[in-house]
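The primary structure of each chain is shown beneath.
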Amino acid sequence: MPLSHYAGEILRRASHFVPPQAVLGLARPAAVFFHGVETAIEDPVVQNNHHTKDRFRQIAETLKTHFDVLPLAALDDVLARPGKHPRALFLMADDGYGNMLATADLLEEMQLPWTLFVSTHHIDTGERNPLFLARLFFRYARAGRYGLPHIDGIVDLVAGERTVEAQRVLARLKTMDEAHARQTLSAMQTALAQMGLERLTDLFPSDSFLSWADVAALSRRGVEIGAHAHWHWPMNAHQSHEDLRRQAALPRERIMAVAGTCRTFAYPFGNRGGICKAAWQAVRDAGYTHAFTALSGTLDSGGNNFLLPRYGLAREVSDQAAIIALLRAANPRLRRIQHLLA
Ligand SMILES: [Zn+2]
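J.: Describe the side chain of N49, naming the residues involved and giving the relevant values.
T.: With respect to the helices and strands, N49 occurs in the loop between β2 (36–38) and β3 (50–52). Its relative accessible area of 14% is what places N49 among the buried residues. Here the side chain of N49 touches Y97 through a polar contact of 3.2 Å, side chain to side chain. Here N49 is in contact with H35, G36, D95, Y97, N129, R135, D207 and R315, once residues within four sequence places are set aside.

So, in structure tokens, the structure goes:
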């Protein structure tokens, strides 16, 4: 398991033994996020970004019961006076999948405000998330031995090896800059072309993106729209400063044209391995007021407004109240990372 998941995993395990009522008094203001919501998940490996609708409804009910789910407009007041808002919670969704339209209906019905962070290149083009395409390669490319650009050794897709090889190659891929990563991804897509890439992607409408008309409609319905970079790629120290600048600035222009404002940013793969000092500086310089990572912690932990914590709502847990109430346990690690990136 990557180091970045440890804090969340420890909290998840601890929460199995803790009834929410015992720890809700410890709650501090926090932000939580998810990606997509699907009626049914056919392939949990490929569709690993999506909750089932039933599970998601349970999660939303838990949040509504135990927390004050607030619109993002309240963020300044919560950060300034966290003691006044111990149960404040900001609900967020990343990427901008098409199933956000049905999710908006559900959250509207439950009167839960939320923020959607979109990766604007994918809204522009409909191009799938690069990690989705990579997962598709490891799942569906013909059994065989593949040489991929910028990947050491042969990628051995024989029975029993696919999961191990996927972990190895995806970890390497996420350290590449955009140009190199695109070459590796392109080789994966060439391999999938033999199987009919379009047919394969069509099997998973869950991972298709919203259109700009959809984003505009969500904005009109009161969903706050934030930026999640342009291309859905890590903004780590392996990226050039020019790429980081573009990844921060372009989505803000695009979103402001459609939604009127775009104040907040969320880093794709925003854990320790997916962010760097130059990234948050590029986000600050692009004119955003706040940016969210995927580091666990609470919003009252002080520190950098461009490295705010956010907890990813795990798919396999339906009652998340105890975990959210215990998020303060992750603050020392959060502060350490904020300090390292200062
Ligand atoms: Zn994302």
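J.: Which residues make up the packing of aromatic side chains, and what values do they have?
T.: Aromatic rings considered in pairs are described by the distance between their centres and by the relative angle of their planes. Here the structure, examined in full by the defined rule, presents 12 aromatic pairs. Here Y97 and F209 contribute two aromatic rings whose centre-to-centre distance is 5.0 Å and whose plane-to-plane angle is 35°, an arrangement assigned as tilted. Here the residue Y97 occupies a position in the loop between β5 (88–95) and α5 (100–109), and F209 occupies one in the loop between α10 (197–202) and α11 (212–220), the gap between them amounting to 112 residues. For the pair shown, Y97 and F209 are each scored as buried. Where F137 meets F138, the ring centres are 5.0 Å apart and the plane angle is 80°; that geometry is what we call edge-to-face. For the pair formed by F137 and F138, the shared burial category is buried. In this structure an aromatic cluster arises from ring pairing among F132, Y140 and F204. The lysine or arginine in question, R252, covers the ring of Y288, its NZ or CZ lying 5.7 Å from the ring centre.

J.: Any chance you could break down α11 for me, citing the residues and the numbers?
T.: All of the buried residues in α11 are W212, V215, A216 and L218. Down the axis, α11 shows its buried residues gathered within 160° of arc, on one side only. Exposed residues pointing more than 90 degrees away from the buried face of α11 are listed as A213 and R220. Next to the buried residues of α11 lie α5, β6 (115–118), α6 (120–125), β9 (224–227) and α12 (241–259).

Cut-offs applied
Residues numbered from 1 in each chain as written. Predicted model: local features only at pLDDT ≥ 70, side-chain atom pairs only at ≥ 80, totals over all residues. Heavy atoms only, no water. Helix = DSSP H or I, 4+ residues; strand = E, 2+ residues; numbered from the N terminus. Buried < 20%, exposed > 50% of the residue type's maximum accessible area, 1.4 Å probe, protein only. Polar contact = N/O pair within 3.5 Å; in protein donor to acceptor, adjacent residues only side chain to side chain. Contact = heavy atoms within 4.5 Å. Phe/Tyr/Trp six-rings, centres within 6.5 Å; stacked < 30°, edge-to-face > 60°. Lys NZ or Arg CZ within 6 Å of the ring centre and 35° of its normal. Arc of directions from axis to C-beta.

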